[in-house]
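# Summary of structural features
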Amino acid sequence: PSHRKNLILAFCEKLTKAPGYKLGMVSLRVGWLLFQSLDEHSPMRYHVYYHLVQVAKQVDQVKAVFKDVESLKQQFAACPPSNEQMQKLLRLLHEVLLSCKQSELASKVMVELLGTYTAENASQAREDAQRCILAALGDPNTFLLDPLLALKPVRFLEGELIHDLLSIFVSEKLQSYLNFYQNYKEFVHTLGLNHEQNLKKMRLLTFMQLAEGISEMTFDTIQKELQLKENEVEAFIIDVLKTKLVRARMDQAARKVYISSTMHRTFGRAQWQQLRDLLHSWKTNLQITQEGMKTVAAAQMDLLGQQ
């Protein structure tokens, strides 16, 4: 068995070294056939799959071998990898998904990776936690950052600058980020984060927060709170509407934005209470409507009976 294992590993190594796109695609197909042919109880499936992901990265075909975390777990249900092996695989998948511009899937993989750590070994996850925070902050399409704060490895970073920066993106406004940047400019650049991109994201997040619980907002308020020039306001509102984080209508003549709904940046006790009250209100309204329909139906039956 050990001789067979060494042969398979050596073959997989060869597949990862295939030069060029054309041979890379051939290697991907061959590797996938090998993976599928192995018995589902074979521990070698993990090693073949790990090399398969490496090949997929080289030919930008990660979607051919990875759908989502749940499917990944099902693939190895009969012979689950060790915790350390799973962490290694998830780290690779995160790196590959980012390189293939699959940022949303990469975020889910990283959250899964951080979830493999316990309170006892959370301190060992320092690099993974930092990588997770940086990927989330740097992704222009990730806005709901609140769940990261609940992860044990991220909680372990409390008191450090990177955790302070994450907290600003979770619940603070634009000015808090500008103050942080003013004090720790070098730190932000060392992380590899783009200041202009950070500003754009913080403006969107601040607007979401301002839009909570109100039905309209003036251009002047937007200009002041988000520190924009007068001729930048309309373009900013268009950018907000493109994200679909806020449902709103812009009235250029009145210089106002009419807000229908907005996604909450954080979802805590207050938001659950608000949702509960809303559902209770709907239930009451449905009961009133139902009673009204019963009354109308009864009246119609009486009329029919009198004819």
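Worth saying up front: this structure is predicted, and the values here are computed from it rather than measured. (Residues numbered from 1 in each chain as written. Predicted model: local features only at pLDDT ≥ 70, side-chain atom pairs only at ≥ 80, totals over all residues. Heavy atoms only, no water.)

### Things to note about the overall build of the protein chain
Helix and strand content of the protein chain: 15 helices and three strands. Since a compact globule built from 307 residues should have a radius of gyration of about 19 Å, the 27 Å found for the protein chain marks it as more spread out than a globular shape. For the protein chain, contacts bridging at least 24 residues in sequence account for 61% of all contacts bridging at least 6. Working note: accessible area of the protein chain is about 18200 Å², and carbon and sulfur atoms make up 54% of it. The protein chain carries 37 positive and 33 negative side-chain charges, and their two centres are separated by 5 Å. (Helix = DSSP H or I, 4+ residues; strand = E, 2+ residues; numbered from the N terminus. Rg over C-alpha atoms; globule rule 2.2 N^0.38 Å. Contact = heavy atoms within 4.5 Å. Areas by Shrake-Rupley, 256 points an atom, 1.4 Å probe, with all protein chains shown as cover. Lys, Arg positive; Asp, Glu negative; His and termini not counted. Charge placed at Lys NZ, Arg CZ, Asp CG, Glu CD.)

### With respect to unusual backbone geometry
Here Gln227, not a glycine, exhibits a phi torsion of approximately 55 degrees, which is positive. With respect to the helices and strands, the residue Gln227 is situated in the loop between α13 (219-225) and α14 (233-243). Among the residues examined, Gln227 registers a relative accessible area of 39% and is labelled partly exposed. In this model, Arg255 sits at a positive phi of 55 degrees, which is unusual for a non-glycine residue. Topologically, Arg255 is positioned in the loop between β2 (246-251) and β3 (256-262). (Buried < 20%, exposed > 50% of the residue type's maximum accessible area, 1.4 Å probe, protein only.)

### As for helix α3 (residues 44-58)
Under the 1.5 Å per step criterion, the end-to-end length of α3 is 22 Å for 15 residues, consistent within 8% with the ideal 21 Å. Along α3, eleven of the 15 residues are buried, which leaves the element largely enclosed by surrounding structure. Along α3, the positions that sit buried rather than exposed are Met44, Arg45, Tyr46, Val48, Tyr49, Tyr50, His51, Leu52, Val53, Val55 and Ala56. Tucked inside the fold, the buried residues of α3 contact α1 (2-16), α2 (20-37), α4 (69-75) and α5 (83-99). Looking at the residues trailing α3, positive phi occurs at Asp60, about 55 degrees. (Expected span 1.5 Å × (residues − 1).)

### A short note on the pairing of β2
Here β2 runs beside β3; their pairing, made up of six bridges, is antiparallel. Each residue of the ladder has a partner; that of Arg247, found in β3, is Ser261. Between β2 and β3, which pair antiparallel in sequence order, lie four residues; one of them, Arg255, sits at a positive phi of approximately 55 degrees. (Pairing = 2+ DSSP bridges.)

### Concerning the packing of α1 against α2
With their axes 10 Å apart at the nearest point, α1 and α2 run at an angle of 155 degrees to one another. With respect to each other, α1 and α2 are oriented roughly antiparallel. Note that α1 runs across α2; the crossing there is left-handed. Residues Ile8, Phe11, Cys12 and Leu15 of α1 pack against Ser27, Val30, Gly31 and Leu34 of α2. Along the lines of polarity and charge, the residues of the contact of α1 with α2 split into six nonpolar, two polar and no charged. (Axes fitted to C-alpha atoms, helices over the stretch in contact; angles between N-to-C directions. Parallel < 35°, antiparallel > 145°, perpendicular 65-115°, else oblique. Left-handed = near helix turned anticlockwise from the far one by under 90°. Nonpolar A, V, L, I, M, F, W, Y, C, P; charged D, E, K, R; others polar.)

### Details of the confidence of the model for the protein chain
Summarising the model, the protein chain shows a mean pLDDT of 89, and 95% of its residues fall at 70 or more. Across the protein chain, the secondary-structure element scoring lowest on mean pLDDT is helix α15 (residues 269-306), at 75, and the one scoring highest is helix α10 (residues 174-183), at 97. (pLDDT = per-residue confidence, 0-100.)

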